Amino acid sequence: MTNRVRADELSKKGNPMNEASGLKASGVSKVFSTPTGELLALDNVSIDIPRGQFVSIIGPSGCGKSTLLRMFADLEHPSSGELLVNGMPTGEARTKRQYAMVFQAPTLLPWKNVLKNVALPLKIMGTDSATRLETAREMLKLVGLEGFENQLPWQLSGGMQQRVSIARALTVRPPALLMDEPFGALDEITRDRMNLELVSLRRFDSQTVLFITHSISEAVFLSDRVLVMSARPGKVIADITIDLPEDRTADTRQDPKFFEYVSDIRGYLVDAYNTTAR
Ligand code: ADP
Ligand code: MG
């Protein structure tokens, strides 16, 4: 049994929720001014992620993946084009807590224990102490960290610290998650475990997810769709629907179709790197 409702099932049922996109970028370009002149980081990028869909972006370093994510998070602004989160401009989406962000480095406050770190977004929102600590406990349970509430971040492994960051992002029950290489610093086995955990977390709340990664197999394993970006200036050069069983398990990684997708995406990625040489 899964609570996760796929966007395509919603549309089959004619659910009006599906009319709005979860994350949408229309004709987005980004130019940075640098001491050596203007730098076109993203060139006319359009992506449309229906609510509840999990989309990964993969592409060469410096192609503008983080910039795109940061624009959805209202931390950067496009030079042209428009970005919407659940139909709202990014500034409004931020104040209405429509999304949470998870970075590669855990970014926890070293002097606060795990429970207080997780409760922090609710504290900032003005939630009372009892409610926020109870919610933080629940979220820590969800990410398998029950019993670690009173530890300080440095007492945990890298994987556990990243789970704390994810628990913290989930406390506000955001409809969308923006994840920038969240498991990039972990060893492969820990990463595989975290991938399984992320899948089970989404059975609980089927957030719209935009997930950046350098790992092809991670992208295929987690996603409903994988977008491949070209080298800078970043453009979407491939949009691959991952038609694997919805409930991903460790066995998914043994599915022949899984290997086909990995190999296809590797091919697109080689093309993406080659755009630099041209
Ligand atoms: P990615 O996440 O795909 O590795 P980024 O989005 O971090 O790429 O960066 C895209 C390009 O824009 C890079 O060339 C980077 O150096 C440049 N860039 C990113 N942020 C800034 C900034 N604030 N000022 C100037 N250049 C930037
Ligand atoms: Mg980046």
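See the structure above.
Bear in mind the structure is a predicted one, so any value in this text is a computation, not a measurement.

Student: How do you make sense of the overall build of the protein when you look at a structure like this?
Tutor: Of regular secondary structure, the protein possesses nine helices and 10 strands. Computed over its C-alpha atoms, the radius of gyration of the protein comes to 19 Å, within 12% of the 19 Å expected for a compact globule of 278 residues. Its C-alpha atoms give the protein principal-axis dimensions of roughly 55 × 50 × 40 Å. A separation threshold of at least 6 residues defines the contact pool for the protein, and within that pool the share at least 24 residues apart is 69%. Counting every atom, the protein has about 13,000 Å² of accessible surface; 51% of that belongs to carbon and sulfur.

Student: Looking at this structure, how should I read the site of ligand 1?
Tutor: Within the structure, ligand 1 sits among 13 residues, and Gly 62, Lys 65, Ser 66, Thr 67 and Arg 232 are positioned closest to it. Within the backbone of Cys 63, a nitrogen or oxygen atom sits 3.2 Å from an oxygen atom of ligand 1. Within the contact set of ligand 1, an oxygen atom lies 2.8 Å away from a side-chain nitrogen or oxygen of Ser 66. Considering ligand 1 on its own, with 560 Å² of exposed area, one finds that the protein chains cover 65% of that surface. The set of elements that each furnish at least two residues to the shell around ligand 1 consists of β1 (21-34), β2 (37-50) and α2 (65-72). Considering every element that reaches the shell around ligand 1, the biggest residue donor is α2, with three residues.

Student: Please clarify how the sheet that holds β1 should be interpreted in this entry.
Tutor: Overall, antiparallel pairing links the four strands, which are arranged β2-β1-β4-β5 in an open sheet. At either end of the open sheet lies a strand with only one pairing partner, and these are β2 and β5 (88-89). In this structure, β1 lies alongside β2, joined through 10 bridges in antiparallel fashion. Within β2, the position partnered with Lys 24 by the bridge is Asp 48. Contacts between α2 and the sheet are confined to β1, β2 and β4 (80-85), with β1 contributing the most and set at about 120° to the helix.

Student: Explain the layout of surface pockets to me, please; I cannot follow it from the model alone.
Tutor: It is a probe the size of a water molecule, rolled over the atoms, that shows where empty space is left. In this structure, the largest pocket encloses a volume near 500 Å³. Considering the residues around the largest pocket, the lining is formed by 16 residues, among which Arg 97, Tyr 99, Ala 100, Met 101 and Pro 121 are closest to the centre. Those elements giving two or more residues to the lining of the largest pocket turn out to be β6 (99-102), α4 (114-125) and α6 (158-170). Looking at side-chain class alone, the lining of the largest pocket contains 11 nonpolar, two polar and three charged residues.

Student: Would you take a moment to explain the nonpolar core for this structure?
Tutor: Nonpolar side chains in soluble globular proteins tend to be buried together. Formed by 48 residues in total, the largest nonpolar core has its most connected members in Ile 166, Val 220 and Ile 265. In this view, Val 220 contacts Val 226, Ile 242, Leu 244, Arg 248, Phe 258, Tyr 261, Val 262 and Ile 265; residues no more than four positions away in its chain are not counted. One finds Leu 42, Ala 73, Ile 212 and Met 229 within the second-largest nonpolar core, a separate group that totals 27 residues.

Student: Explanation requested: the environment of Ser 33 in the structure shown.
Tutor: With respect to the helices, strands and loops of the structure, Ser 33 is situated in strand β1. For the pair Ser 33 and Met 125, spaced 92 residues apart in sequence, the C-alpha separation works out to 35 Å.

Student: Got a minute to help me understand unusual backbone geometry in this structure?
Tutor: Most peptide bonds take the trans form, and the phi angle of most residues other than glycine is negative. Between Arg 232 and Pro 233 the backbone carries a cis peptide bond, its omega angle lying at -5°. Of note, Pro 233 is situated in the loop between β9 (225-229) and β10 (236-241). In the Ramachandran plot, Arg 97 falls in the positive-phi region, its phi being about 50° despite a non-glycine side chain. For Arg 97, a relative accessible area of 32% gives the class partly exposed.

Student: Sorry if this is basic, but what is going on with the pattern of salt bridges here?
Tutor: Between side chains of opposite charge, a pair can form when the charged atoms approach closely. Counted according to the given criterion, the structure contains 11 salt bridges. Measuring nitrogen to oxygen at the nearest pair gives 3.7 Å for the salt bridge that ties Arg 70 to Glu 76. Residue classification places Arg 70 among the partly exposed positions, given a relative accessible area of 29%. Within this structure, Lys 30, Arg 70 and Glu 76 form a network of salt bridges that share partners.

Student: Would you explain the packing of aromatic side chains in this entry?
Tutor: Pairs of aromatic rings are described using the distance from one ring centre to the other and the angle between the two planes. The full count for this structure, using the stated rule, is three aromatic pairs. Summarising the aromatic geometry, the rings of Phe 54 and Phe 211 are spaced 5.5 Å apart at their centres and angled 40° between planes, so their arrangement reads as tilted. One end of the pair, Phe 54, is in strand β3 (residues 54-58); the other, Phe 211, is in strand β8 (residues 208-212), and 157 residues separate them in sequence. Each residue in the set Phe 54, Phe 183 and Phe 211 is aromatic and connected to the rest through ring pairs, giving one cluster. Against the face of Phe 221 rests Arg 253, its NZ or CZ located 4.1 Å from the ring centre.

Criteria and thresholds
Going along each chain's sequence as written, the residues are numbered from 1 onward. All chains are assigned letters beginning with A, and all ligands numbers beginning with 1, in the order in which they are written. Only residues with pLDDT of at least 70 are given local features in this predicted model, and only at 80 or more are side-chain atom pairs given and counted; all residues enter the totals for whole chains, interfaces and linings. Excluding hydrogens and water, the side-chain values take into account all heavy atoms of the structure. Segments assigned H or I by DSSP are reported as helices when at least four residues long, segments assigned E as strands when at least two residues long, and all are numbered from the N terminus. Radius of gyration here is computed from C-alpha atoms only, and the compact-globule reference equals 2.2 Å multiplied by the residue count raised to the power 0.38. Whether two residues are in contact is decided by their heavy atoms, any of which lying within 4.5 Å being enough. Only the protein chains shown count as cover for residues, and all accessible areas are computed by the Shrake-Rupley method using a 1.4 Å probe. Residues are counted as near a molecule or strand when any one of their heavy atoms sits within 4 Å of it. Polar contact is defined as a pair of N or O atoms within 3.5 Å, subject to the rule that within protein one atom must be able to donate a hydrogen and the other to accept it, and that residues adjacent in sequence are counted only when both atoms are side-chain atoms. In short, DSSP must find at least two bridges between two strands for them to pair. Axes here refer to lines fitted to C-alpha atoms; in helices the fit is confined to the stretch in contact. Angles between the N-to-C directions go from 0 to 180 degrees. Of the grid points, spaced at 1 Å and generated over the protein atoms alone, those admitting a 1.4 Å probe that cannot get out make up cavities, while open sets with protein on both sides within 12 Å along at least five of seven lines make up pockets; any residue with an atom within 4 Å of a point is treated as lining. Grid points are joined across faces, edges and corners, and a volume is the space filled by probe spheres set on the points. Think of it as three bins: nonpolar holds Ala, Val, Leu, Ile, Met, Phe, Trp, Tyr, Cys and Pro, charged holds Asp, Glu, Lys and Arg, and polar takes everything else, Gly as well. By nonpolar core we mean a set of buried residues, namely Ala, Val, Leu, Ile, Met, Phe, Trp, Tyr and Cys, connected to one another through side-chain atoms within 4.5 Å. Three exposure classes are used, based on accessible area relative to the maximum for each residue type with a 1.4 Å probe and protein chains only: buried under 20%, partly exposed in between, and exposed over 50%. One speaks of a salt bridge when a side-chain nitrogen belonging to Lys or Arg is within 4 Å of a carboxyl oxygen belonging to Asp or Glu. Ring pairs shown here join Phe, Tyr and Trp side chains whose ring centres sit within 6.5 Å, with only the six-membered ring taken for Trp; geometry is labelled stacked below 30 degrees between planes, edge-to-face above 60, and tilted in between. Geometrically, a charge over a ring is one whose NZ (Lys) or CZ (Arg) sits within 6 Å of the ring centre while staying within 35 degrees of the ring normal.

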